[in-house]
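A look at the structure
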Amino acid sequence: GCLIKVHLHRMAPSNEVQLVTKAFSGLGVDEKSLITILGKWEPEQRHSFRLGFSCFFVQDECHFGRWRDDVIKCLRQEFLRFKNAVVLWTMHPWERDARLANKAIKNCLQSHLLVEIACTRSSEDLLGTRRAYHSLFDRSIEEDAAEYIKGSERKLLVKLVSAYRYEGKKVNDDHAKFDAKALAIAIRNPNIKSLLEDDDVLRVLTTRSKPHLKKVCEHYNEIFGKNLDEEFNPHKRLKETLQCLCTPHKYFAKVLDAALKNDADKKVKKALTRVITTRADIDIKQIIDEFQIQYGVALTTKIQETANGNYKDFLLTLVAKGNEKPWKSVCCKDLNLLFV
């Protein structure tokens, strides 16, 4: 615990802090230097920066430190091409996910983003996002999802954002086999109006651990000779849920490929910033490797071909973190340090 506290409060060199502070104050932006500095800052250095500058960050009654809304607006006006990347990268991951989730909930066409947040984060990080959501919007993510999401996918999404999955590696093989058979019955039942509302489908996808679900997929293939994600093809949200839970690197590679196409629309292109800023500290190396396997080209090459200017340089700087020593997040007992 003491060692982690030391790391959390270790500040970046003062000259770097001065440059970033000047940029965030709207006093002129040396974009090249900003890319270099922010790109190399580890999570504990970004945390220390947030902790030390109340002119940019505020703490509410729950002691959650977050960006001031007025500063975010100024930054987005100041930073032109790579504005959103800088803003998202410097946010606490829980605040970042809470803001992304709020937009997804309010926009019915972005519910895939809610699946992504609920299923590719750890149980502790999803819980942290829910705490941040309380702080930012004075409501719970569950109640907003229940109120704003319409149609058959509502029940699935509310259960996903409410989940707190077992994070261990132990799997009961008999239970996994039972779940595989229960899913098969649901998939083949002609009387079910929508798999999105089937109790067994929802139970398995919204409560089981990720290792358990991977074992379910194995048993499904062994028993029925089909891949479970292919069985979910007619049900987009279920397919996305399974992919995010069981094969997240393949999922993110697919999202990046769509975002990097020349004819992609604006909303699809935004995923490039989102995926790289949210995964750079976590598993960008695995995503890079999967992208190469799936599409036969390096992710860095596609970014160089598609993005421009300082925005491109910033993305490449974050992607390069995949070749560095991976960041180990604080353990569960020290999570409250991030709120003080």
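In this report, the structure presented in the accompanying data block is examined. Going along each chain's sequence as written, the residues are numbered from 1 onward. In keeping with the predicted nature of the model, local features appear solely for residues at pLDDT of at least 70, side-chain atom pairs appear and are counted solely at 80 or more, and the whole-chain, interface and lining totals rest on all residues. Side-chain numbers here rest on the full set of heavy atoms in the structure, without hydrogens or water.

Along its length, the chain carries 21 helices and 2 strands. For the exposure calls, accessible area comes from a 1.4 Å probe over protein chains only, and a residue counts as buried if that area is under 20% of its type's maximum, exposed if over 50%, partly exposed in between. Evaluated residue by residue, the chain yields a buried proportion of 50% over its 340 residues. Contact criterion: two residues are considered in contact whenever any of their non-hydrogen atoms come within 4.5 Å of each other. Long-range contacts, defined here as pairs at least 24 residues apart, represent 71% of the contacts in the chain between residues at least 6 apart. As displayed, the chain offers around 16,600 Å² of accessible surface, 52% of which is attributable to carbon and sulfur atoms. Put simply, DSSP H or I for four residues or longer makes a helix, DSSP E for two residues or longer makes a strand, and each gets a number counted from the N terminus. The Shrake-Rupley method, run with a 1.4 Å probe sphere, supplies the accessible areas, and residue values consider only the shown protein chains as cover.

As a further point, take the packing of aromatic side chains. Centres within 6.5 Å make a pair out of two Phe, Tyr or Trp rings, where for Trp the six-membered ring is used; the pair is then stacked when the planes are under 30 degrees apart, edge-to-face when over 60, and tilted otherwise. Following the criterion strictly, the structure yields 5 aromatic pairs and no others. Aromatic side chains Tyr220 and Phe224 sit 4.9 Å apart centroid to centroid with 45 degrees between the ring planes, which places their arrangement in the tilted category. Of the two residues, Tyr220 and Phe224 are both situated in helix α14 (residues 210-224); the distance of 4 residues between them amounts to about one turn of the helix. Seen in terms of ring centroids, Phe291 and Tyr295 are 5.1 Å apart; in terms of plane orientation they differ by 50 degrees. Their pairing is tilted. Of this pair, Phe291 and Tyr295 both sit in helix α19 (residues 284-295), separated by 4 residues, roughly a single helical turn.

In this section: a positive patch on the surface. Like charges are joined within 9 Å and nonpolar side chains (Val, Leu, Ile, Met, Phe, Trp, Tyr) within 5 Å, but only among residues with over 30% relative accessible area and no salt bridge; these make up the patches. One side-chain nitrogen of Lys or Arg within 4 Å of one carboxyl oxygen of Asp or Glu is enough to make a salt bridge. Here Asp and Glu are counted as negative and Lys and Arg as positive; His is not counted, and neither are the chain ends. To locate a charge, take atom NZ for lysine, CZ for arginine, CG for aspartate or CD for glutamate. There is a patch of like positive charges on the surface, built from Lys83, Lys103, Lys266, Lys267 and Lys270. Looking at the positive patch, the element that brings in the most residues is helix α18 (residues 266-279), giving 3 residues. Tracing the chain through its elements places Lys266 in helix α18.

The next point concerns the packing of helix α7 (residues 93-106) against helix α10 (residues 141-148). Angle between the axes and distance between the axes are the two parameters that describe a pair of packed helices. Packing of α7 against α10 brings their axes to within 9 Å, and their N-to-C directions diverge by 15 degrees. One finds that α7 runs roughly parallel with respect to α10. Judged by the sense of rotation from one axis to the other, the crossing of α7 with α10 is left-handed. Contact with α7, carried on its side by Ala101, Asn102, Ile105 and Lys106, involves Ile141, Asp144, Ala145 and Tyr148 of α10 and no other residues of that element. Here the contact of α7 with α10 is composed, by residue class, of 5 nonpolar, 1 polar and 2 charged. Think of each axis as a best-fit line through the C-alpha atoms, taken over the contacting stretch in the case of a helix, with angles from 0 to 180 degrees between the N-to-C directions. For classification purposes, an angle smaller than 35 degrees is called roughly parallel, one larger than 145 roughly antiparallel, one from 65 to 115 roughly perpendicular, and anything else oblique. For any pair of crossing helices, the crossing counts as left-handed if the nearer helix is rotated counterclockwise from the farther one by less than a right angle, and right-handed if it is rotated clockwise. Under the convention adopted here, Pro, Cys and the residues Ala, Val, Leu, Ile, Met, Phe, Trp and Tyr are nonpolar, Asp, Glu, Lys and Arg are charged, and Gly plus all remaining residues are polar.

Moving on: helix α9 (residues 123-137). What a helix is expected to span follows from its residue count: subtract one and scale by 1.5 Å. With 15 residues, α9 should reach 21 Å at 1.5 Å per residue; the first-to-last C-alpha distance of 21 Å fits that figure. What α9 keeps buried is the set Ser123, Glu124, Leu126, Gly128, Thr129, Arg130, Ala132, Tyr133, Ser135 and Leu136. Asp138 sits one or two positions beyond α9 and adopts a positive phi of about 55 degrees.

Glancing now at the pattern of salt bridges. For the structure shown, the criterion picks out 23 salt bridges. A salt bridge links Arg203 to Asp179; the nearest nitrogen and oxygen atoms lie 3.0 Å apart. On the criterion of sequence distance, the pair formed by Arg203 in helix α13 (residues 199-207) and Asp179 in helix α12 (residues 173-187) is long-range, its members being 24 residues apart. Its relative accessible area of 0% is what places Asp179 among the buried residues.

It is at 5 Å that the axes of helix α16 (residues 236-246) and helix α17 (residues 248-259) come closest, and there the two elements cross at 120 degrees. Considering the angle they form, α16 stands oblique to α17. Taking contact as the criterion, the partners of Gln243, Cys244, Leu245 and Cys246 in α16 are, on α17, Pro248, Tyr251 and Lys254. Grouping the constituent residues of the contact of α16 with α17 by class yields 5 nonpolar, 1 polar and 1 charged.

Turning our eyes to something else, we now look at the environment of Thr206. Residue position: Thr206 is located in helix α13. Residue Thr206 is classed as buried on the basis of its relative accessible area, which comes to 6%. Apart from the residues within four sequence positions on either side, Thr206 is in contact with Leu156, Lys159, Leu160, Ala163 and Arg165. Of note is the side chain of Thr206, whose polar atom sits 2.5 Å from the backbone oxygen of Leu202. Think of a polar contact as two N or O atoms within 3.5 Å of one another; within protein, one of them needs to be a possible hydrogen donor and the other a possible acceptor, and neighboring residues in sequence only count if both atoms come from side chains.

Moving on, we come to the environment of His175. With respect to the helices and strands, His175 occurs in helix α12. You can call His175 partly exposed: its relative accessible area is 42%. The sequence separation of His175 and Val216 amounts to 41 residues, and the corresponding C-alpha distance is 8.6 Å. Among all residues touching His175, those that are not within four sequence positions of it are Arg208 and His212.

Inspection of the secondary structure puts Glu290 in helix α19. Although buried, Glu290 forms no salt bridge, and the nearest oppositely charged side chain, Lys250, lies 5.9 Å from it. A polar atom in the side chain of Glu290 sits 2.7 Å from the side chain of Gln294. Ignoring sequence-local partners within four residues, the contact set of Glu290 consists of His249, Lys250 and Ala253.

Positive phi, normally seen in glycine, also occurs at Asp138, with a value near 55 degrees. When you line up the elements, Asp138 lands in the loop between α9 and α10.

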